[in-house]
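# Architecture at a glance
Spelled out, the chains give:
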Amino acid sequence: MSIDKKIEQLIRDDVRAISAYPVPDSQGLLKLDAMENPYTWPEELKRIWLEKLRDVPINRYPDADARRLKMKLAANFGIPDDQALILGNGSDEIIQFVILALARPGAVVLAPEPTFVMYRNLAQAARIDFVGVPLNRDDFSLDTDAMLAAVEKHKPAVIFLARPNNPTGNLFDEEGVLQIIEAAPGLVVVDEAYHAFARETFLPRIADHDHLLVMRTLSKQGLAGLRLGFLAGRPEWIHEFDKLRLPYNIGSLTQASVEFILDHVDVLNDQATLIRQEREVLTADLRELDGVGVWPSAANFILIRTETRSGPEVFEALKEKGVLVKNLHGADPSLANCLRVTVSTPEENQTFLEALKAVL
Ligand code: PMP
């Protein structure tokens, strides 16, 4: 039998029908597509870090429970004492095991849309329904009434709320989120991937709602290459999710590196402050341009809409000029001609602006 026939016979129809998560080749391009932090660490800090890594016993499996790292994370991020943490190889992996644990027949995952695509993709991979509730069209704010109606109708096993939201960059209104939490019959995960740039959190509120969990990642703060995310919530939930976490999912180099940088967390926080400042500068500069609409952002990226040329055209023309942003045209009806650009260093932001001006 040909391999094509075997694939047809063996691989799930729904898997054959989808594409892998697209990661474009960024070689030689100014990479402003993935919300990475452009800054690295001071040389002296790097030297001490590398010294630490010398002694990491990579012939042994890592600490499967990452106990020391969890203690440090809890202390650093102010996780209340009676709450537990579970770590993921990026927060992507956390979304995956939360959904897997809830994937009973008929279970529904719900989120406003447009939002982070992995909520939908991973629900589909687990073969459960995903319900997307459109955000308000003009400013991408939460349509609280529509959300509450959908919660009532679908009784979702979990609601994901990215705060700030990706790709729109805005921070959903606190009151609306609270209403949704109160109405939710299942779990609510508030995804605070961009917390460092918004500095607003629902973390203290997990003590008030036993079905609320808060997720963070270190990816946007300069550690995207290490892959570390965490979920905080009641130990009873974490205990169940832990059964689906692959053993040793956090490598020893990641554990040692994150433990190290948490002892020097000012470095990361100072970088986030710089990026927040640059976000305001870049937003103001973009607003000066004719031919683009700009949404305010509480994250480390900015959503824009091209008005005089099509979004895909501008995306391609920017790439020709060596600048890679994210093309969102086609991702959702509300994102027609939209591009998302990561806030970078003043120099790189300027390069992007000049390229955009030339293209427009
Ligand atoms: N949540 C949101 C809202 C995101 O935008 C992203 C990354 N794009 C993630 C989670 C996943 O990040 P990571 O897997 O790197 O932790």
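This text goes with the structure placed above it.
These lines cover the structure that appears in this document, whether it is placed above or below. (Residues numbered from 1 in each chain as written. Predicted model: local features only at pLDDT ≥ 70, side-chain atom pairs only at ≥ 80, totals over all residues. Heavy atoms only, no water.)

### Some words on the overall build of the protein
Helices and strands together make up the secondary structure of the protein, namely 14 helices and 13 strands. For 360 residues, the compact-globule formula gives about 21 Å, and the C-alpha radius of gyration of the protein, at 21 Å, lands near that figure. Principal-axis analysis of the C-alpha atoms gives the protein an extent of 60 × 55 × 55 Å. Counting all 360 residues of the protein, 51% fall into the buried class. For the protein, contacts bridging at least 24 residues in sequence account for 71% of all contacts bridging at least 6. When the accessible surface of the protein is totalled, it reaches about 17400 Å², and 50% of it is carbon and sulfur. The averaged location of the 53 negative side-chain charges in the protein is 6 Å from the averaged location of its 39 positive side-chain charges. (Helix = DSSP H or I, 4+ residues; strand = E, 2+ residues; numbered from the N terminus. Rg over C-alpha atoms; globule rule 2.2 N^0.38 Å. Buried < 20%, exposed > 50% of the residue type's maximum accessible area, 1.4 Å probe, protein only. Contact = heavy atoms within 4.5 Å. Areas by Shrake-Rupley, 256 points an atom, 1.4 Å probe, with all protein chains shown as cover. Lys, Arg positive; Asp, Glu negative; His and termini not counted. Charge placed at Lys NZ, Arg CZ, Asp CG, Glu CD.)

### What to know about helix H4 (residues 67-77)
Taken residue by residue, H4 has Leu69, Leu73 and Phe77 as its buried positions. Summarising the axial view, the buried residues of H4 lie within an arc of 45°, below the 170-degree limit, and thus occupy one face. In this structure, H4 carries Arg67, Arg68, Met71 and Ala75 as exposed residues pointing more than 90 degrees from its buried face. (Arc of directions from axis to C-beta.)

### A closer look at the sheet that holds strand S3 (residues 108-113)
As summarised here, the arrangement of the seven strands in space is S2-S8-S7-S6-S5-S3-S4, forming an open sheet in which the pairing is mixed. Strands at the two margins of the open sheet, each flanked by one partner only, are strand S2 (84-88) and strand S4 (129-134). Taking each pair of neighbouring strands and ignoring which way they run, the sheet shows an average axis angle of 20°. Note: S2 against strand S8 (residues 229-233), five bridges, orientation antiparallel. The residue bridging Gly88 from the neighbouring strand is Gly229, located in S8. Its contacts with the sheet put helix H6 (residues 118-125) on S3, S4, strand S5 (158-162) and strand S6 (187-191), and the angle it makes with S3 is roughly 160°. (Pairing = 2+ DSSP bridges. Axes fitted to C-alpha atoms, helices over the stretch in contact; angles between N-to-C directions.)

### A closer look at the sheet that holds strand S13 (residues 338-342)
Sheets are built from strands that pair by backbone hydrogen bonding, the pairs being arranged parallel or antiparallel. An order of S9-S10-S13-S12 is seen for the four strands of this open sheet, with the pairing classed as antiparallel. Bordering the open sheet on either side are strand S9 (292-294) and strand S12 (326-327), each of which pairs with just one other strand. The strands that helix H12 (residues 265-288) touches are S9 and strand S10 (301-306); relative to S10, the one it contacts most, it runs at about 10°. Contacting S10, S12 and S13, helix H13 (residues 311-320) crosses the sheet at an angle of about 35° to S13.

### Let's talk about the packing of aromatic side chains
Scanning all chains against the criterion turns up eight aromatic pairs. Seen from their ring centres, Phe77 and Phe230 are 5.2 Å apart, and the 55° between their planes marks the pair as tilted. Taken as a pair, Phe77 in helix H4 and Phe230 in strand S8 lie far apart in primary sequence, 153 residues in all. Of the two residues, Phe77 and Phe230, both sit in the buried class. (Phe/Tyr/Trp six-rings, centres within 6.5 Å; stacked < 30°, edge-to-face > 60°.)

### Topic: the site of the ligand
For the ligand, the set of nearby residues contains 14 residues, the closest of which are Ser91, Asp191, Tyr194, Thr217 and Ser219. One nitrogen or oxygen atom from the main chain of Ser91 is found 2.6 Å from an oxygen atom belonging to the ligand. Contact between the ligand and Arg227: an oxygen atom at 2.7 Å from a side-chain N or O atom of the residue. If the ligand stood free it would expose 400 Å²; the protein chains cover 93% of that surface. (Near = heavy atom within 4 Å. Polar contact = N/O pair within 3.5 Å; in protein donor to acceptor, adjacent residues only side chain to side chain.)

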